[in-house]
Structure formats: C-alpha cells, structure tokens
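Given next are the chains, with one letter for each unit.
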Amino acid sequence: MKLKYIKAYMILLIGLMAAGCEFDNFEEPKSTLSGRIVYNGEALGLRSNGVELELWQPGFDLYQKIPVYVAQDGTFSAVIFDGDYKMNLIRGNGPWMDRTDSIDVQVRGSQIIDVEVQPYYVVNNASVSPSGNSLSVTFTVDGVNTNRDLEFAGVYMGRTSITDIVRNEGSFNVPADQIEIGIPITVEVPIPGGLAGRGDIFVRVGAKTSGVAELVYTQVENIPL
Amino acid sequence: MKLFKRYMLGLALLTVISTSCDTDFLELEPPNILLDDQVWNDPKLVTGVLSNYYDRLPTHTTLTGGWADFAAYDEAMWSGYSGNDGLNNIFSYSFNRWQLWDYGLIRDINLAIDKLNTISELPEAQKAQFESELRFIRAYVYFEHVKRMGGVPLITEELIYDFNGDPTYLQNPRNTEAEVYDFVISEMQDILPTIGNTGSNTRANRFTALAVISRAALYAGSLAKYNGAMGSPITLPNNEVGIDPSRADSYYSTSLQASQTIINEGGYNLYNSNPDLGENFYEAIITKNGNPEVIWAQDYLLSADKRHGFTYDNVARSAREDNLGSSAITPGLNLVEDFQYLDGSSGELKTHEADGSDYIYYDEVNEIFEGKDARLYGTVIYPGSTFRGQEIFMQAGVMVWNGSSYDRIESDGIATEYEDGGVLVAAGGPHRSIQEVSNTGFYLRKYVDNAVGASTRGIRSEVWWVRFRLGEIYLNAAEAAYELGQPEAVDYINVLRERAGFGANSLSSLTMEDIMQERRVELAFEDHVVWDYKRWRVAHEKWSGNPDNPESMIYSLYPYRVVRPGDPRDGKYIFVKSVAPRFRAPRFFQMGNYYSQISQGVIDANPKIVRNPFH
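Given the structure is predicted, the values throughout are model-derived calculations rather than measurements.

> Which residues make up the overall build of chain A, and what values do they have?
When you go through chain A residue by residue, the secondary structure sums to two helices and 16 strands. Its C-alpha atoms give chain A a radius of gyration of 25 Å, clearly above 17 Å, the size a compact globule of 225 residues would have. Principal-axis analysis of the C-alpha atoms gives chain A an extent of 95 × 45 × 25 Å. When each of the 225 residues of chain A is scored for burial, the buried share is 42%. A fraction of 65% describes how many contacts in chain A between residues 6 or more apart in sequence connect residues 24 or more apart.

As structure tokens, this is what we get:
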C-alpha cells in the first residue's frame, strides 16, 4: 500500500517536472516595425529579397545586426522587441546614393517609418498595352543623381507577380544610348513564346545604374492579353 | 603474528624512505606530453608539427572537406542522398559562403617560427629549412584568405596581451588586397633558396613555392585588370579590396616568370604513360607512383589508415561495391558540352538533325561522344564508357513509336525490363527521382578510385588530392603571356590540347574565351571554377540567377532506346536534353559574393576591421 502511494507521487512528480521544465521561456518579440523605401513620397519598386536593411540595437553584449529584407513593392516589416534601434542602409546595396549615417528608430508597440533615399534614376509614367504578339511599352527614365551613368533599361515579363531581372520568363533590353533622360520612350517588346498563350502577364520596367547591382523598377503591372 | 606486524612496519618504513628520497619529485618529466625543447630539437618531431599544419591548410572543395560543394556550381549537381538536395536548390549564395578567418592557424605557425628561432639547437641549415617551410605554409594560408576575403591583417608575430585593460594595440586594421598578394609572393621568393625538400610532391619545395607564385600573381593580375574594367570597380576607400589596374602587368610578368621556371627547370612532365588518351588523363591525376606531373598533393595512405570516402560516395551506381552511397556528384551536360570535338568544332552534342526534323539515331549509346576531347573520358563517365573495365551502360527508358510520334516510357525503378524483353531503365540509370542514381546522365570519373574495394566503407580510397600540377602551370603561363601580349601564349595551351588528342598546334591564335574554356575542361573538379570566375569578374554573369540563362542551370542528357518493330531505326538510341529534373534553382551569384562577409564577431572584437562592400 505504501509502495503504491510512492509510485503515485513519483508519477505526479515526473509529470510536474516534465510540465514545469519550460526551457523555452523567453517571451517572443511582439512589436512590429514596418515601412517603405520612398523617394518623393513614392515607394520604390525593387527586386524581391534583393535589398536588405540592417537594424542594430546598441547597448547589448551580443551586437549583431537584424537583417530586414525589402519586398519588391518597396515595403518591409520586422517583428522585434521594443527598444531604440539604428537602421543602416548598406553601402552599394540598393539603387540609390550611399547614405552613411544611420536612422534612429524607436519602437514602442508598432511603428511605421518611411526611409527616404536618393535614387540615381527612377522610371516614371510606365504604360503597357498589348498589340498582337508584342507589347508596346512606354516609360520615362528620370535622373535624380546622374553622377553615375545609366547602363540600360529593361522590360521584364513573367507569369507571376514576382518579376524582375533575376526571375522572369522573358526580358527586353534597351541600351542607354537609346534613352534620353526625362523624355518618354516607347519600345515594341515581342512576347516570348512561353508567355504568348496566356491570358495575362506581369510586366515591369527597370533601370540599371552602372556599377550598382540592383535595379530600380516600376511597380508590377498585370496586363491581360 | 607479531613477526608479521614487524615486517609490515618495516615494509611501510622502507616505502616511505624510498619515495621521499626522490628530491626531484616535483620536477619529473611528464611521460605523456612532449615539451617545447624536446619537440624543437628533434627533426622528426618538427616534421610531425609540420604535417599537422599541412593537414590544416584551408580548402574549399577537396576529397575530404567540402567535397559536396563540387555540386554547388555549374560543373555538377547533387544526385546522391536526397537529404542533401539543398545543393540543387541554392536560392542564392550566402555572403559568408567562402568566409575564412583562421587566425588560430596563423598564430600556431607564428609561434612555431618563434620557437624554432629561440629554443631549437638544430643545425642552422636544418633550422633554415624548417623555417622556410613554415613560412611557406603561412604565406599559403594568407593566399587562401585574400582570395576569399580581400585584404586581411598581416600578422607575422605572436600577439601578447599584457592585461592592462586596453587591447587596442593588438587590433590591427586590414592590409590592402595588393599588400597581402605582395606578401604571399615575396615570402615565396624569399624562401626559394632554403626550402629544400627537392623531389617531394607532398612537402613544399622550391617549385611548389614557384607554383604558388604562379597562381597567386595571376590572381592578383587579373583582379587588378578585370576589377578595373568593371562599370564600377569593387573597392573600399583604403583599398582593402581592389587593386590598382596599373599593377596588372607586373603581376602577370611575375606569374609568367614563375611558370616558365617550373616548366623549364622543374623536371616535371605532363603525364603521358598510357597510350589510351582518356585513361591517360584520368591517371595523370590519380596515379601516385612516379607521376611526373604532380607538384604538390595532399596524400592518403592505406597502411597508415589515412583514407577517405570520396569514392564510396561518388562511384557510378552500377559499379558500386557497397550497398549504400554512390553517385553523389554527377557532372552536368553543360560541362560535357564544353569539351570540344577533336576536329576543333564546338562540343555541343548532336541529338537532332540539323534542320530539327528528327532525332539522330545512334547504334550504340556511346557513339554520340565519339571524337571528343579525351579529357571528357578522363573527367566524366558518360553512357557506355567503361570504369574498372566494366561498361557503365545508361538508358533512361524507351521511346515507343505509336504510328505518328514517340511515347516516352520510363519506370519508377532502375534495372527494369520492358515488355519486349529488352532493357527499360538501365542499372546505371539515369533516373528522374531515385536518389543515388545519376540525375544528369553522367557520372564523375576524376578522383574516383578505380582500385578494387575503394568504394566500400570498409576499405575506402587513398587517392590523393592534387593541389598543384603542371597542367595548371601551363594554363597559368598561357594566360599571363596572353595578357602581356606575348605570342607564345598559344603554345602553352597547345601542349595540353595535344595530350588530349588534338593535333599539334591545334589553335593558331588565342582569345580570352579559349583560355576560360581550356581552364574549365582541364581543371574541372580541381577547385578552380569559383576562384577563376571571381577573379575574371564574370561570376555574376555566369550565375545570374535567371532560369533562362543556360550557364546558371544544370542540364541533363537522357538516352532512350527506340522501340519501332519492323523499322531500321528499331533498337537504336536517341537522346533528349532537358533541365535536370532534380535541379530546382538557378545558380545566383551576387555582387556581394565577390568578397565574403567578415563575421560580426570579428568586427566587434576589432573595430578597425572594415566590412566588405555590399555587406
């Protein structure tokens, strides 16, 4: 009888220990920091997962950056702890002028910020209209900081809304010498065979600055064929 | 009883006396630890220390460390254990992929040099020889650093902390990229007269040091030239990365001079013992006995139980001797097509008639590869070639004629039979989805051991890893001479092409594309492709992450048997090219990959370290 009690207690104890041993007892971060990369109040079109922002939180022993990836529509968001952070734009990472001083970000609850950048070029007034087996694409490349040359502009076509110079099913290059900065240009872009039979395609125009890996894009447009 | 007690007492007393008399009790030499003055005064023990350092040399892909990454570029893909399929699915190369910061090893070498100079009482000549060898290893380690990270701090002596609370005097900034290359070259030049080890191909000797100069100076020269030629060169304000383009020519001539010395004075020869040119090229790398081509290798030895499992993991499926493993790294069609035909035409395999109307029908499955550069056979096992005297037959399925077109029939197993009694899928595959069967239609031959039992886990392989061989030196000489505008550049390449079965003087002039192509086929799977693409600054174009870019993708070639009874084409073989089915994501190399990331821990500990571009 006595033994039975002991056994029962043992089982209870083991149960308690198993339940009580919550090693993973950190509270998860709950605050969100979100925002957009903007120029003149307009979100910039970028390559999906191409541009990374860095968040740093000074004052702790383990001083590691928190990478924040920017989506292709220029927005980003991160779930972090409340606190005072510094946000960095990585040198040479995005299609804009280097910005060497960091941005102070205070996060209390949820926080929305716009990060103003100075791009080298932007693509404006893009319009796409299908005509037969080709697209007629009109756009204007405007120079903001023209100390670096324009390398080319590209029209990117894809099956999904994630379309850019890396992921596309067809692309068309317009070399820089055919583009006059600030003057609208219209190009006829043949639709590649793999996309021709579809009901709609996604189209984007990007401009490449020489020496900068990332392009600046228009927002993705869904064009019914 | 009393007597016994007395004896006991006596015995105890004796013990106490005999032990306490040992006045040196606290100064006994440990029986299990070698002390500094023992090690550094015994040439055999010093050699032991050296062998430890040789073994710890940083590597990216070799037979024992990182070999799976042979399948991470555009030479091959992963067809082995499906848990490693991530290699076919690299979304983009991470910025710390080639990261190296091995100051532990550098410190050990600095300490060793220090002790050799302070403790050792060996004869001066011997000391000088050991010191040269240590300096060789240290310079080589710095070369491995600079080609991944750009400039790194050059530390050549022991750093000692004095516990005063301020470590800043130990924090060294990064040297410039050019300074590190200069250090590597000048160290190698300094030790040439004293390093000794003549004739050894596992320990460094004069020609090993020259071989490192040949490679390092070539890298520095092309970095200077091609980085400068980019639309916007990759640099840092204090030149921690980036070399002034005006220095290119002097690096190229340093490299050319070193290569010429090796070729003219080294006594090395291209391996040419086997009249079968394909087998000959294979043996040029794996033969250890009297191989005149190998300059420096990492050796393995069965009797010392120093062996590796590379052959177990990569042997062709139908030749395997163990019940698991095999076929991990399978070369892609892109690489196979880079091997030209011996008449000098492009290496593209002919699967269809020129007008695209029909397949080309082959009597034998290996007929399509006839007349190719012999290095193809030496590097890759293609359908119908042999390994260990056994034919590696490959067939992906059958093509059954239905009156107007072919129905493609495959099987969900290998070594299966079609209803007409013939082979459906061969024992060697290829197969679309089964693991440990080729997914591309090719198997790896280079470095896979043809010795019996080498592909079992019990025996394993003792094939060595070739770090430098004369073939590369010829290519280095050709490239440096080409960049310097010297007409004899083409001769160095023709020597290698002649060994591969081309006629004498098969190339009459040289372009940069020729050099890239020759390096790709001659040095495949010898840990060159990444570094070559990086220094030519073409990696981001070759591996652009775009599925439409054939160079970013791995293609396969599947042979099928034609079932068309009553027709002369019945029983012949046709070939289908496609993207390898297990291959998912195109290779994507970003600008930030040209120099690897320096880890945040290093920067935290030493704020003088600046980060690499784009990180």
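> Lay out the pairing of strand β1 (residues 31-39) of chain A with the relevant residues and their values.
All names here are of chain A. Sheet topology note: the β1/strand β5 (residues 75-80) ladder contains six bridges and is antiparallel. Counterpart to G35 in the pairing with β5 is F76. Of the pairings in the sheet, the one linking β1 to strand β2 (residues 42-43) comprises two bridges and is antiparallel in character. Across the sheet, the residue bridging to V38 is A43, located in β2. Hairpin connection, β1 to β2: the antiparallel pair is bridged by two residues, and N40 has positive phi, about 55 degrees.

> I'd like a rundown of the confidence of the model for chain A, residues and numbers included.
Looking at chain A as a whole, its pLDDT mean stands at 85, while 95% of the residues score no less than 70. Mean pLDDT values for the elements of chain A range from 75 in helix α1 (residues 2-20) of chain A up to 92 in strand β15 (residues 216-217) of chain A.

> Can you lay out the packing of aromatic side chains for me, pointing to particular residues and giving the numbers?
Residues and elements named next belong to chain B. Considering all chains together, one arrives at 39 aromatic pairs over all chains under this definition. Plain terms: the ring middles of Y93 and W543 are 5.9 Å apart, the flat faces sit at 65 degrees to each other, and that makes the pair edge-to-face. Taken together, the residues Y93 in the loop between β1 (76-78) and α4 (103-118) and W543 in the loop between α17 (539-542) and β11 (555-563) connect sequence positions 450 residues apart. Both residues of the pair, Y93 and W543, belong to the buried class. A centroid spacing of 5.0 Å and a plane angle of 55 degrees characterise the contact between Y533 and W543, whose relative ring orientation is tilted. Taken as a pair, Y533 in helix α16 (residues 529-535) and W543 in the loop between α17 and β11 lie far apart in primary sequence, 10 residues in all.

> I'd like a rundown of the confidence of the model for chain B, residues and numbers included.
Do not read the predicted coordinates in detail wherever pLDDT is low. Confidence along chain B averages 90 in pLDDT terms, with 97% of residues attaining 70 or more. Here the predicted complex carries an ipTM of 0.73, next to a pTM of 0.87.

> Requested: an account of the UniProt feature "domain: DUF3823" (unreviewed entry) in chain A, with residues and values cited.
Under the UniProt annotation, "domain: DUF3823" (unreviewed entry) lies at residues 31-118 and 121-222 of chain A. Between the C-alpha atoms that bound residues 121-222 of chain A the distance is 23 Å, and the span itself is 4% helix and 55% strand.

> I'd love a proper account of a nonpolar patch on the surface, names of residues and values included.
Residues and elements named next belong to chain A. Residues Y5, Y9, L12 and L16 make up a contiguous nonpolar surface patch of roughly 510 Å² in combined accessible area. Structurally, L12 can be placed in helix α1. For L12, a relative accessible area of 55% translates into the label exposed.

> Quick rundown of the pattern of salt bridges? Include the residues and the values.
For the coordinates displayed, the defined rule picks out 58 salt bridges over all chains. Of the charged contacts in the structure, one is a salt bridge between A:R36 and A:D114, with a shortest N-O distance of 3.2 Å. Placement of the pair is A:R36 in strand β1 and A:D114 in strand β8 (residues 111-116), with a sequence separation of 78 residues. Given the relative accessible area of 30%, A:R36 is considered partly exposed. The class of A:D114 is partly exposed, set by a relative accessible area of 43%. Across the salt bridge formed by B:K577 and B:E337, the nearest N and O atoms sit 2.7 Å from each other. Of this pair, B:K577 sits in strand β12 (residues 573-579) while B:E337 sits in helix α11 (residues 333-338); the two residues are 240 residues apart in sequence, bridging distant segments of the chain. Relative accessible area serves as the criterion here: at 18%, B:E337 is assigned to the buried category.

> Which residues make up the side chain of B:R499, and what are the values?
The residue B:R499 is located in helix α14 (residues 489-499) in this model. A polar contact is formed between the side chain of B:R499 and the side chain of B:E522, at a distance of 3.1 Å.

> An account of the interface of chain A and chain B is requested, with residue identities and associated values reported.
Contact with chain A, which involves 21 residues of that partner, is made by 18 residues of chain B. The interface formed by chain A and chain B includes one salt bridge. The salt bridge involving B:R611 is made with A:E54; its shortest N-O contact spans 2.6 Å. Applying the counting criterion to the chain A and chain B interface returns four residue pairs in polar contact (both at pLDDT 80 or more). Taken together, the residues of the side of chain A that touches chain B sort by class into six nonpolar, eight polar and seven charged.

Rules used throughout
Residues numbered from 1 in each chain as written. Chains lettered and ligands numbered in written order. Predicted model: local features only at pLDDT ≥ 70, side-chain atom pairs only at ≥ 80, totals over all residues. Heavy atoms only, no water. Helix = DSSP H or I, 4+ residues; strand = E, 2+ residues; numbered from the N terminus. Rg over C-alpha atoms; globule rule 2.2 N^0.38 Å. Buried < 20%, exposed > 50% of the residue type's maximum accessible area, 1.4 Å probe, protein only. Contact = heavy atoms within 4.5 Å. Pairing = 2+ DSSP bridges. pLDDT = per-residue confidence, 0-100. Phe/Tyr/Trp six-rings, centres within 6.5 Å; stacked < 30°, edge-to-face > 60°. UniProt positions renumbered as here; feature names shortened; annotations may be inferred. Patch = residues over 30% accessible without salt bridge, like charges linked within 9 Å, V, L, I, M, F, W, Y side chains within 5 Å. Areas by Shrake-Rupley, 256 points an atom, 1.4 Å probe, with all protein chains shown as cover. Salt bridge = Lys/Arg side-chain N within 4 Å of Asp/Glu carboxyl O. Polar contact = N/O pair within 3.5 Å; in protein donor to acceptor, adjacent residues only side chain to side chain. Nonpolar A, V, L, I, M, F, W, Y, C, P; charged D, E, K, R; others polar.

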